[in-house]
Amino acid sequence: MEPGRRDSLALLTDLYQFTMAYGYWRAGRQREPAEFELFFRRCPCRGGFALSAGLGECLAFLRAFRLRQPEIEYLQSVLPSTTEKAFFDYLLTVDASEVTVSSAPEGSVVFATVPLLQVKGPLLVVQLLETTLLCLVNYASLVATNAARFRMLAGPDKKLLELGLRRAQGPDGGLSASKYSYIGGELRPGARPVSQHLAAGHSLSPLLLFALRSPHPPAPDLSVPGFDWTSNVLAGKLYGVPVRGTVAHSYVMSFTSLAEVQPRTLKPLDGDEPVDFLPLAESWLRRVCQTLRVPQDRVNPGELAAFVSYAIAFPHHFQGLVDTYCIMGSGIPNFCAVALALNQLGYRAIGIRVDSGDLGKQAREIRQVLRTCSADFQVPWFATIPIAVSNDISERSLEELMQEGNEIDVIGIGTNVVTCPLQPSLGCVYKLVKVNGCPKLKLTEDEEKMTIPGSKMAYRLYDATGLAFMDLLALEEEPPARAGQEVAVCLLGRSEEARRVTPTAVEILHRTYFKDGQVRKGVCPLPPRKLPPATALTRLQAFLSA
């Protein structure tokens, strides 16, 4: 959601939040100190982790949280007529000035049951925040996690372009997907999420623990970002996400003949006198067709006209979409001809895109053609022109591409990153854990929905190799976990005796980001365009190795 709309989010909630608020107020409990935790019960997509995201949105919402007269008038129209007027007068005074929010940093690796957010404040206020905070965190974290899964499959060397705006769930969904797919992670070669490392549940031990362990030895660290670019122009403007794009088939199809090319001239990179570019491209087409043994009369002239026109408009950024008609029989010869003509004038083409068919096979065939032209025409850089692919790429198809080996440099992913088809919702919940100093426990027939009472501290424990080996939840009043000191732990949901572990290093997972109505100075979350790779993924690579 774009900046400027935060003042309208106070009513972005469920009606029952206001009916409960009225109940608290009638009982005189509106200012009782309370604490809620926002977390998810299962790691998404049957994987072993998630990335936390949406914190910046939450902080912006909290800073602006206030009910004004128009909102109050609407609430008066939808709440029962017996609701006392004094309650609405009280709502006019409500804000987040007494709310404190602690969270893992934006882009951190997080696990089931461990809180993403800890929210403390007056009972009525922190109750009203529930639905909006869930809305802002659920999708953002899911998309960031989904993007990280694609990055882990693609590896560190491939460039990833998010282009799902047209398939997103509305404008806000499209903007959020573009923003949060850019949040990065770190991994090592071959790392992937695996569900068998997950140990989740509940424990009656004084130390409450969620842990992931790996039986595999550590491997060298390798830093990689999340997605590299988005095609979403507004996301680039609002959030600073780098924007990239190519051309569509409609552009290529709009040309029928070479007579449509206007203008026809292009200045050499190091010259002043314009050159008639069209005949130069045609002469190169004859040479390319001869080298590739492609009949020139089968090459589509409209496609050549489209490429020539685009090259004249963008000589420094020429790229060709080569599958409008026939890739090897038309698209590639036309692209090579125009790219070689540009080279003669001192420019370099920046890429080729394929949007259909067997992407891996076609990329290998295209790379061979580029190498042939590079050798025959003595243009060394030509062999390394980046090849981009798109075409409804999913986790499964990407994994297959990577397993078979390919010559792909850039991968465009749309529908399957923005819609998260493997799991449409992260399933975060917002549960009360303490009121008036009294811990609160939800007991239910569904064991998974039981909650862990009390205020808690979350620690990440590291071994001597620098790898995290478990996340520890401890009651706030318990002695803190310390490096070099043995601690007794129990796995959540396990009845076995407590284990004893001695961490080499201990990290406190949560930081206080919001207090006294303001974002804390010095700990403001970085926007995605400035986020460093999330170092937690590297530190947790042992959890995720196959």
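Thresholds, definitions, all that
- Residues numbered from 1 in each chain as written.
- Predicted model: local features only at pLDDT ≥ 70, side-chain atom pairs only at ≥ 80, totals over all residues.
- Heavy atoms only, no water.
- Helix = DSSP H or I, 4+ residues; strand = E, 2+ residues; numbered from the N terminus.
- Contact = heavy atoms within 4.5 Å.
- Areas by Shrake-Rupley, 256 points an atom, 1.4 Å probe, with all protein chains shown as cover.
- pLDDT = per-residue confidence, 0-100.
- Salt bridge = Lys/Arg side-chain N within 4 Å of Asp/Glu carboxyl O.
- Buried < 20%, exposed > 50% of the residue type's maximum accessible area, 1.4 Å probe, protein only.
- Phe/Tyr/Trp six-rings, centres within 6.5 Å; stacked < 30°, edge-to-face > 60°.
- Lys NZ or Arg CZ within 6 Å of the ring centre and 35° of its normal.
- 1 Å grid on protein atoms, 1.4 Å probe; cavity = no way out; pocket = protein on both sides within 12 Å on 5 of 7 lines; lining within 4 Å.
- Points joined across faces, edges and corners; volume = space filled by probe spheres on them.
- Nonpolar A, V, L, I, M, F, W, Y, C, P; charged D, E, K, R; others polar.
- Axes fitted to C-alpha atoms, helices over the stretch in contact; angles between N-to-C directions.
- Parallel < 35°, antiparallel > 145°, perpendicular 65-115°, else oblique.
- Left-handed = near helix turned anticlockwise from the far one by under 90°.
- Core = buried A, V, L, I, M, F, W, Y, C linked by side-chain atoms within 4.5 Å.
- Pairing = 2+ DSSP bridges.

*Asks:* How do you make sense of the overall build of the protein chain when you look at a structure like this?
*Replies:* Counting secondary structure elements, the protein chain contains 17 helices and 26 strands. In the protein chain, of all internal contacts separated by at least 6 residues, the share reaching a separation of at least 24 is 77%. Surface exposure of the protein chain reaches about 23,900 Å², of which carbon and sulfur atoms provide 51%.

*Asks:* Explain the confidence of the model for the protein chain to me, please; I cannot follow it from the model alone.
*Replies:* Close inspection of predicted coordinates is inappropriate in any region flagged by low pLDDT. Residues with a pLDDT of 70 or more make up 86% of the protein chain, whose mean pLDDT is 87. With pLDDT under 50 throughout, residues 526-543 is counted as low confidence; its partners more than four residues away or in other chains account for 57 contacts.

*Asks:* Before we go on, may I ask you to explain the pattern of salt bridges in this structure?
*Replies:* A side chain of one charge can pair with a side chain of the opposite charge if their charged atoms are brought near each other. Applying the stated criterion to the full structure yields 22 salt bridges. Note that Lys 456 is salt-bridged to Glu 37, the shortest N-O span being 3.0 Å. On the criterion of sequence distance, the pair formed by Lys 456 in strand β20 (residues 456-462) and Glu 37 in strand β1 (residues 33-40) is long-range, its members being 419 residues apart. Taken as a pair, Lys 456 and Glu 37 share a single burial class, namely buried. A salt bridge links Asp 276 to Arg 264, with the shortest nitrogen-to-oxygen separation between them at 2.9 Å. Taken together, the residues Asp 276 in strand β13 (residues 275-276) and Arg 264 in the loop between α9 (249-253) and β12 (265-266) connect sequence positions 12 residues apart. By relative accessible area, Arg 264 is classed as partly exposed at 33%. Beyond isolated ion pairs, a larger network of salt bridges with shared partners links Arg 367, Arg 371, Glu 407 and Asp 409.

*Asks:* Could you clarify how one ought to interpret the packing of aromatic side chains in this entry?
*Replies:* The geometry of an aromatic ring pair is captured by the separation of the ring centres together with the interplanar angle, meaning the angle of the planes. Scanning all chains against the criterion turns up 13 aromatic pairs. Here Phe 318 and Phe 335 contribute two aromatic rings whose centre-to-centre distance is 5.4 Å and whose plane-to-plane angle is 15 degrees, an arrangement assigned as stacked. Taken together, the residues span a long stretch of sequence, with Phe 318 in the loop between α11 (301-313) and β14 (319-321) and Phe 335 in helix α12 (residues 327-344) at a distance of 17 residues. Each residue in the set Tyr 22, Trp 25, Phe 87 and Phe 88 is aromatic and connected to the rest through ring pairs, giving one cluster. Over the ring of Trp 284 we find Arg 287; its NZ or CZ atom is 4.2 Å from the centre of that ring.

*Asks:* Explain the layout of surface pockets to me, please; I cannot follow it from the model alone.
*Replies:* Where empty space is left can be seen by rolling a probe of water-molecule size over the atoms. One number sums up the size of the largest pocket: a volume of about 590 Å³. Lining the largest pocket are 22 residues, and of these Leu 163, Arg 166, Arg 353, Asp 355 and Ser 390 lie nearest its centre. Grouping the amino acids of the lining of the largest pocket by side-chain chemistry returns 6 nonpolar, 10 polar and 6 charged.

*Asks:* Teacher, can you tell me more about empty space enclosed by the protein here?
*Replies:* In total, this model carries 2 cavities of 30 Å³ or more according to the counting rule given. In this structure, the largest cavity occupies an estimated 60 Å³ of space. Considering the residues around the largest cavity, the lining is formed by 13 residues, among which Ser 52, Ala 53, Leu 55, Ser 103 and Leu 117 are closest to the centre. For the lining of the largest cavity, the secondary structure elements donating two or more residues are α2 (55-64) and α6 (130-154). Grouping the amino acids of the lining of the largest cavity by side-chain chemistry returns 8 nonpolar, 4 polar and 1 charged. Size it by volume and the second largest cavity reaches roughly 30 Å³. Taken together, Val 247, Tyr 251, Val 252, Ala 306, Phe 307, Tyr 310, Phe 318, Gln 319 and Gly 320 form the lining of the second largest cavity. Elements that contribute at least two residues to the lining of the second largest cavity include exactly α9, α11 and β14. With 3 residues, α11 is the single largest residue contributor to the lining of the second largest cavity. Partitioning the lining of the second largest cavity into residue classes produces 7 nonpolar, 2 polar and no charged.

*Asks:* Just checking my understanding: could you explain the packing of α12 against helix α13 (residues 359-376) for this structure?
*Replies:* Helix-helix packing: each pair is described by the crossing angle between the helix axes and the interaxial distance. As a packed pair, α12 and α13 sit with axes 11 Å apart at the nearest point and diverge in direction by 40 degrees. Here α12 lies oblique to α13, going by the angle between them. When you trace α12 past α13, the crossing you get is right-handed. In this structure, α12 uses Ile 327, Met 328, Ile 332, Phe 335 and Cys 336 to contact α13, whose residues at the interface are Gln 362, Glu 365, Ile 366, Val 369, Leu 370 and Cys 373.

*Asks:* What should I look at first to understand the nonpolar core in this one?
*Replies:* A general trend in soluble globular proteins is that nonpolar side chains are found buried together. Judged by nonpolar contacts, the single largest core of 137 residues is most densely connected at Leu 91, Leu 124, Phe 277, Phe 318, Phe 335 and Phe 382. For this core, the element with the highest residue contribution is α6, accounting for 13 residues. When near neighbours in sequence (up to four residues on either side) are disregarded, Phe 318 contacts Phe 307, Tyr 310, Ala 311, Phe 335, Val 338, Ala 339, Leu 342, Ala 349, Ile 350 and Gly 351. Among the nonpolar cores identified, the runner-up in size contains 10 residues, and Leu 472, Ala 481, Val 489 and Val 501 belong to it.

*Asks:* How do you make sense of the sheet that holds strand β25 (residues 511-515) when you look at a structure like this?
*Replies:* Whenever strands of a sheet pair, they do so through backbone hydrogen bonds, lying parallel or antiparallel. On the basis of which strands lie adjacent, the open sheet formed by 7 strands has the order β19-β18-β1-β5-β3-β25-β26 and antiparallel pairing. Looking at the sheet topology across the chains shown, the edges are occupied by β19 (438-439) and β26 (518-519). Sheet topology note: the strand β18 (residues 428-435)/β19 ladder contains 2 bridges and is antiparallel. Bridge pairing in β19 links Lys 434 to Pro 439. The sheet strands contacting α2 are β3 (100-103), β5 (117-122), β25 and β26, and the helix crosses β25 at an angle near 25 degrees. In the packing of α6 onto the sheet, contacts are made with β1, β5 and β18, and the angle to β18 comes to roughly 140 degrees.

*Asks:* When you look at the sheet that holds β14 in this model, what are you seeing that I'm missing?
*Replies:* Strand order in the open sheet formed by 6 strands is β11-β6-β17-β16-β15-β14, and the pairing between neighbours is parallel. Either end of the sheet is taken by a strand with one partner, and the two such strands are β11 (229-230) and β14. Where strand β6 (residues 159-162) meets strand β17 (residues 410-413), 4 bridges bridge the pair, whose relative direction is parallel. Along β17, the bridge assignment pairs Leu 161 with Gly 412. Along the sheet, α12 contacts β14 and β15 (351-354); its crossing angle with β15, the most-contacted strand, is approximately 160 degrees.

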